[in-house]
Amino acid sequence: MDYALPEFLAHAVALEQEAADRYLELADMMEAHRNDAVSEVFRSMTRFSQMHRDEIKARVGAVQLPQLKSWEFRWRSPPETGGEEGFDYLIEPYNALKYARENELRAMQYYRSVAEASTDSEVKRLAGEFAHEESEHVAALDKWIGMTPRPSATWQDDPDTLPPVV
Ligand code: ZN
């Protein structure tokens with residue numbers, strides 16, 4: 001992806017906004033299930049994404065951003081979105097954290113690929129910086145995943161209740 005700066009900034013703002021929205025959803029979901037510790041993790045991630053979005057917007061300044069017609073990056077939806085299954089699956093803090101990690105990893109890879117492909121030095125620099133920030137988010141989630149018990153064995157052993165692998 002060889003973006004011009006405005007195109008890249010437009011994608012980055014959209015990406016951070018979507019991450020913030022999803023984190024807020026996950027935070028509320030954890031809170032509803034009385035998992036305050038994991039809820040707090042997602043609330044911090046929400047704030048980080050919002051801060052990042054605002055920093056990028058400040059960086060945009062007077063630059064006119066293009067309307068995005070398509071996305072190269074999107075947060076992956078929970079499995080079977082719309083159905084109950086996706087939400088049931090994410091109610092487990094372990095799964096919610098894994099899901100968030102997968103998306104952070106994709107964001108990191110996205111920024112990294114932009115940094116590699118770009119011929120615009122400012123896009124290259126910013127994308128590299130953002131990739132680094134995402135790698136810190138992945139590391140933070142890894143820490144939490146390491147401290148979070150896996151879902152119960154019965155739940156995992158029953159193939160009928162397993163969400164599809166995406
Ligand atoms: Zn992130």
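As shown above, the structure is provided for reference.
Residues numbered from 1 in each chain as written. Predicted model: local features only at pLDDT ≥ 70, side-chain atom pairs only at ≥ 80, totals over all residues.

Caption draft 1: Geometry of the packing of helix H1 (residues 5-32) against helix H5 (residues 121-147). Put simply, H1 and H5 touch, their axes get as near as 9 Å, and they point 20 degrees apart. Overall, the two elements H1 and H5 adopt an arrangement that is roughly parallel. The crossing of H1 and H5 is left-handed. Judged by residue contacts, Leu5, Phe8 and Ala12 of H1 engage Glu122, Val123, Leu126, Ala127 and Phe130 from H5. Of the residues belonging to the contact of H1 with H5, the class tally is 7 nonpolar, no polar and 1 charged. (Axes fitted to C-alpha atoms, helices over the stretch in contact; angles between N-to-C directions. Helix = DSSP H or I, 4+ residues; strand = E, 2+ residues; numbered from the N terminus. Parallel < 35°, antiparallel > 145°, perpendicular 65-115°, else oblique. Left-handed = near helix turned anticlockwise from the far one by under 90°. Contact = placed C-beta atoms within 7 Å. Nonpolar A, V, L, I, M, F, W, Y, C, P; charged D, E, K, R; others polar.)

Caption draft 2: Region of the structure containing H5. Across its 27 residues, H5 extends 40 Å between first and last C-alpha, which sits within 8% of the 39 Å expected from 1.5 Å per residue. The set of residues buried in H5 consists of Val123, Leu126, Ala127, Phe130, Glu134, His137 and Leu141. Where the residues of H5 are buried, they touch H1, helix H2 (36-60) and helix H4 (93-117). (Expected span 1.5 Å × (residues − 1). Buried ≥ 20, exposed ≤ 12 C-beta atoms within 10 Å, placed from the backbone.)

Caption draft 3: Summary view of unusual backbone geometry. Phi is positive for Arg34, which is not a glycine, with a value near 55 degrees. Checked against the element boundaries, Arg34 lands in the loop between H1 and H2.

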